[in-house]
Protein chains: 2
Amino acid sequence: MSISNGDDAEKAEGPIRQRRRAGEQVRMTDVAARAGVSVMSVSRAIRDPERVSPKIRARVEKAMRETGYVPNALASSLASQRTRIVAAIVPFINASFGDTIRGITDVLHPSGYELLIGETGHSMQVEERLTNAFLSHRVDGLLLTGHSHTQGVRERLRNLKVPVVETWNLTDEPMDQIVGFSNYEAARAMTRYLIGQGRRHIGYLGGITKDNDRATDRERGYIDEMTVADLPCDRSLRSYRKLEFRHGGEGCEELLERHPDIDAIFAASDMLAVGALFRCIKRGIAVPDDIAIAGFDDSDISSAIHPALTTVRVPRYEMGSRAAQMLLQRLDTDEETYGQKVVDLGFEILIRDST
Amino acid sequence: MSISNGDDAEKAEGPIRQRRRAGEQVRMTDVAARAGVSVMSVSRAIRDPERVSPKIRARVEKAMRETGYVPNALASSLASQRTRIVAAIVPFINASFGDTIRGITDVLHPSGYELLIGETGHSMQVEERLTNAFLSHRVDGLLLTGHSHTQGVRERLRNLKVPVVETWNLTDEPMDQIVGFSNYEAARAMTRYLIGQGRRHIGYLGGITKDNDRATDRERGYIDEMTVADLPCDRSLRSYRKLEFRHGGEGCEELLERHPDIDAIFAASDMLAVGALFRCIKRGIAVPDDIAIAGFDDSDISSAIHPALTTVRVPRYEMGSRAAQMLLQRLDTDEETYGQKVVDLGFEILIRDST
DNA sequence: TTCATTTCTGTTAGCGATATCATACGGGCG
DNA sequence: CGCCCGTATGATATCGCTAACAGAAATGAA
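Residues numbered from 1 in each chain as written. Chains lettered and ligands numbered in written order. Predicted model: local features only at pLDDT ≥ 70, side-chain atom pairs only at ≥ 80, totals over all residues. Heavy atoms only, no water.

Student: When you look at the packing of helix H5 (residues 73–80) of chain A against helix H5 (residues 73–80) of chain B in this model, what are you seeing that I'm missing?
Tutor: Packed helices, taken two at a time, are described by the angle their axes make and the gap between the axes. Running from amino to carboxyl end, H5 of chain A crosses H5 of chain B at an angle of 135°, the nearest separation of the two axes being 9 Å. Here H5 of chain A is positioned oblique relative to H5 of chain B, judged by the angle of their axes. In this structure, H5 of chain A crosses over H5 of chain B, and the sense of that crossing is left-handed. Contact residues: Leu74, Ala75, Ser77 and Leu78 of chain A in H5 of chain A; Leu74, Ala75, Ser77 and Leu78 of chain B in H5 of chain B. (Axes fitted to C-alpha atoms, helices over the stretch in contact; angles between N-to-C directions. Helix = DSSP H or I, 4+ residues; strand = E, 2+ residues; numbered from the N terminus. Parallel < 35°, antiparallel > 145°, perpendicular 65-115°, else oblique. Left-handed = near helix turned anticlockwise from the far one by under 90°. Contact = heavy atoms within 4.5 Å.)

Student: Would you mind showing me how to read the protein's contact with DNA strand C here?
Tutor: As a structural note, the neighbourhood of DNA strand C is formed by 28 residues, with Met40, Ser41 and Ser53 of chain A together with Met28 and Ser43 of chain B the closest of them. Sugar plus phosphate, as a fraction of atoms of DNA strand C within 4 Å of the protein: 69%. Between a base nitrogen of DNA strand C and a side-chain N or O atom of arginine 44 of chain A, the distance comes to 2.9 Å. Within the side chain of arginine 27 of chain B, an N or O atom sits 3.4 Å from a phosphate oxygen of DNA strand C. Secondary structure elements with two or more residues in the surface near DNA strand C: helix H3 (39–47) and H5 of chain A together with helix H3 (39–47) and H5 of chain B. In terms of residue count, the dominant contributor to the surface near DNA strand C is H5 of chain B (five residues). Residues that form the surface near DNA strand C fall into these classes: twelve nonpolar, nine polar and seven charged. (Near = heavy atom within 4 Å. Polar contact = N/O pair within 3.5 Å; in protein donor to acceptor, adjacent residues only side chain to side chain. Nonpolar A, V, L, I, M, F, W, Y, C, P; charged D, E, K, R; others polar.)

Student: How should the nonpolar core be read in this particular structure?
Tutor: Within soluble globular proteins, side chains that are nonpolar generally end up buried alongside one another. Judged by nonpolar contacts, the single largest core of 138 residues is most densely connected at Phe266 and Ile293 of chain A together with Phe266 and Ile293 of chain B. Beyond its immediate chain neighbours, meaning those up to four positions away, isoleucine 293 of chain B contacts Ile265, Ala273, Ala276, Leu277, Cys280, Val287, Leu309, Thr310, Ser354 and Thr355 of chain B. Ile85, Phe134 and Val139 of chain A together with Ala87 of chain B belong to the second-largest nonpolar core, a separate cluster that totals 30 residues. (Core = buried A, V, L, I, M, F, W, Y, C linked by side-chain atoms within 4.5 Å. Buried < 20%, exposed > 50% of the residue type's maximum accessible area, 1.4 Å probe, protein only.)

Student: Would you mind showing me how to read the interface of chain B and chain A here?
Tutor: Interfaces are often sized by the amount of accessible area the parts lose when they come together. With 55 residues of chain B at the interface, the matching set in chain A holds 55 residues. Of the roughly 4900 Å² buried at the junction of chain B and chain A (both faces included), carbon and sulfur atoms supply 58%. Seen at the junction of chain B and chain A, the total is two salt bridges. Note that glutamate 119 of chain B and arginine 102 of chain A form a salt bridge whose closest N and O atoms lie 3.0 Å from each other. (Buried area = accessible area lost by both parts, 1.4 Å probe. Salt bridge = Lys/Arg side-chain N within 4 Å of Asp/Glu carboxyl O.)

Student: Hey, could you run me through the side chain of histidine 259 of chain B in this one?
Tutor: Residue and element names in this part refer to chain B. Of note, histidine 259 is situated in the loop between helix H11 (245–258) and strand E8 (264–267). Looking at histidine 259, the relative accessible area reads 18%, which means it is buried. There is a polar contact of 2.8 Å between the side chain of histidine 259 and the side chain of serine 236. Each residue touching histidine 259, except ones within four places of it in the same chain, is listed here: Ser236 and Leu237.

Take a look at the structure:
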């Protein structure tokens with residue numbers, strides 16, 4: 001020890017700084033004192049019980065129980081430079097993305113990671129705000145929906161070197177990694193199928209394409225396939241709506257009004273398709289005899305209605321679980337070794353009664 | 001200073017401890033150095049720009065831009081003892097709770113709070129796990145769904161004195177505060193309405209009641225009202241299902257098989273009601289002539305289908321926004337002053353074509 | 001027994017912010 | 001012209017934990 005009588009006295013005489021402290025927060029030091037061991041032993045007993053002797057482990061566990069100790073993840077993260085938190089940003093919290101989120105958490109939780117969810121409402125501005133907030137909280141990784149993002153988001157993420165996995169679509173040039181299916185190819189496939197069924201006047205009922213690469217790609221798929229088949233697909237055959245039932249009905253009316261002779265409607269979402277289908281039924285239009293209707297997503301309702309909806313099954317859950325796996329693989333291994341940059345999980349055309 | 005030449009020398013000679021540091025993380029110190037001011041000025045310029053002179057503010061902002069500084073919320077939270085994070089725990093991430101979550105974030109974000117979402121899958125065990133994880137992250141407040149929780153959760157929250165607002169139901173004895181509507185009264189009201197319509201053999205299609213006070217209360221409401229009216233409502237008239245369309249159909253079949261003469265089905269969820277309705281239509285049972293069908297939730301689809309569904313409108317969005325407001329009121333004011341413990345947002349019986 | 005290893009446990013110095021107190025700076029007034 | 005006081009800025013000690021290293025104890029080989 002150093003000669004420090006004087007110092008001790010000085011300290012004792014100094015102004016007593018009493019800092020505000022949360023209620024009755026139990027600190028690791030308190031647990032350590034009670035267990036009669038050092039804080040490091042407590043820390044180790046919590047994070048990696050194998051590395052301390054059974055004796056110490058037992059005493060620490062007892063002390064934790066008695067004090068009602070709740071570890072402080074903030075302090076832990078600050079010191080260890082990792083939060084064990086992953087953030088996911090989705091356009092909307094609904095059943096579809098709910099499945100994806102479930103896929104994510106099912107993988108993250110067993111590995112001790114938590115998920116922070118952000119909802120953009122389909123706005124890239126909001127996505128940027130959320131990204132910044134999440135980065136501020138030093139999330140270990142980020143899961144984004146789609147591959148279109150603001151320049152600001154791209155730069156931030158590149159500079160900070162945070163692992164990112166994009167989902168729900170594919171592109172040759174992901175920011176980092178991407179897992180999903182080709183919205184473009186899926187839309188082409190469905191359009192091709194409808195044409196193959198002999199349909200010629202196919203209307204398109206799509207989502208708002210602004211800030212939404214999935215909606216954009218689906219529309220491109222429809223247009224390209226119609227063009228290849230030399231069929232009309234001009235702007236008047238396409239209606240853009242928010243993905244809610246009632247807008248499906250409205251969109252359907254719009255198309256019918258402009259083109260009373262259409263013989264099929266390809267909706268880029270089951271919500272819209274079901275809305276359109278109900279509207280047809282209400283107006284006495286026979287589905288699929290007069291008009292064929294196809295959806296996109298294979299949501300729960302598509303197989304429950306009558307006639308059952310032809311649609312595209314997409315790997316909602318798998319995109320989440322796989323994305324989380326890809327992230328974890330990089331977070332839990334020291335190396336920057338990671339597999340494919342682009343993972344295609346595919347899609348499936350489900351032919352049912354509405355076409 | 002103390003006499004410490006020796007000590008200094010010793011330090012200088014000591015091994016150079018180089019600690020692992022995240023990539024090229026820019027710290028507040030770096031910004032301060034670049035701006036030629038103290039860290040405190042940077043801190044103040046960020047949190048409360050009014051408190052520093054325009055001169056300093058400008059220099060700090062410039063330095064932040066140039067360095068691409070991203071504030072470290074962990075360090076900030078650790079030092080300030082508040083995270084500005086609120087956690088919400090919901091049973092399931094779907095359109096319904098999506099509305100509630102939207103209500104929450106719409107209130108939290110403008111006030112600079114972030115939302116951490118947890119999904120229990122209707123398990124109180126999972127709820128407990130999530131609660132502990134969130135408390136570990138020192139969330140400033142907690143929003144729970146319903147009023148039934150494990151003993152462990154209750155104790156933890158009481159001991160740690162974290163503000164809690166329960167939602168989606170009412171009770172005279174909330175853990176802390178509660179905002180919602182009476183699931184019990186709503187179910188009674190709907191049952192009463194059906195009886196008033198002349199229905200006598202009313203089947204009940206409900207959610208799984210385990211770990212779910214909302215489902216339990218709705219069932220109680222149905223039973224009590226039927227009992228008061230001296231109508232049968234024994235176990236054979238009740239079917240419990242997960243809240244998905246196809247289970248609605250199955251439950252409908254079950255009830256019809258056991259009671260071919262039922263003249264109404266009250267489903268405690270629109271999903272189940274719609275599933276049941278489609279099944280009736282498929283089997284050629286006229287709705288509402290042969291069987292009346294009522295739902296619960298006023299979800300999007302209930303007004304889109306044909307016949308439109310009679311249901312209970314519940315304040316999904318408002319429960320979220322109001323709960324968040326109640327929490328913020330306590331977090332942003334120093335005092336422990338808060339308004340009502342129990343806030344009843346009410347419900348509304350929406351009579352449409354299915355009854 | 002003795003010394004070299006290996007395994008546990010403890011000490012210390014941060015992690016990157018904020019709270020608190022101390023100090024510097026101005027302007028108004030006697 | 002000097003003094004007082006309110007405001008702006010700075011220095012420093014935490015916040016509660018973990019990384020890195022050091023020292024102690026246990027184990028094994030000679």
